[in-house]
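Here's the letter readout for the chains.
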Amino acid sequence: MTGSDQHRLADAWRQCQRHVHHLKHALASLEGELPLTGPRLGALDDEAIQDLDQFVLRFGRLQDAIGS
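Our subject in this report is the structure included herewith. (Residues numbered from 1 in each chain as written. Predicted model: local features only at pLDDT ≥ 70, side-chain atom pairs only at ≥ 80, totals over all residues. Heavy atoms only, no water.)

To continue, consider unusual backbone geometry. Along the chain, Leu34 connects to Pro35 via a cis peptide bond; the corresponding omega equals -5 degrees. If you trace the backbone, Pro35 turns up in the loop between helix 1 (3-29) and helix 2 (38-42). (Helix = DSSP H or I, 4+ residues; strand = E, 2+ residues; numbered from the N terminus.)

According to the stated counting rule, one finds one salt bridge in the structure shown. Measuring nitrogen to oxygen at the nearest pair gives 2.2 Å for the salt bridge that ties Arg14 to Asp11. Note that Arg14 and Asp11 are positioned in helix 1 at a spacing of three residues, about one turn of the helix. Overall, Arg14 belongs to the partly exposed group, its relative accessible area being 44%. (Salt bridge = Lys/Arg side-chain N within 4 Å of Asp/Glu carboxyl O. Buried < 20%, exposed > 50% of the residue type's maximum accessible area, 1.4 Å probe, protein only.)

Below you can see the structure in the form of structure tokens.
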């Protein structure tokens, strides 16, 4: 593995760690709402919806980062 490859791998690893950190934060914020059901989802306030959006966004970005 070349130095350039190692650098890219280290950058990708840091990116994944950052996404996991934000995923955990969003999940902790949603803890009182879990498990999500239809009625619970419909009753979420704006803050909880933001937390859910953050979770979905970071999950997708983590998947993208792992796949690249």
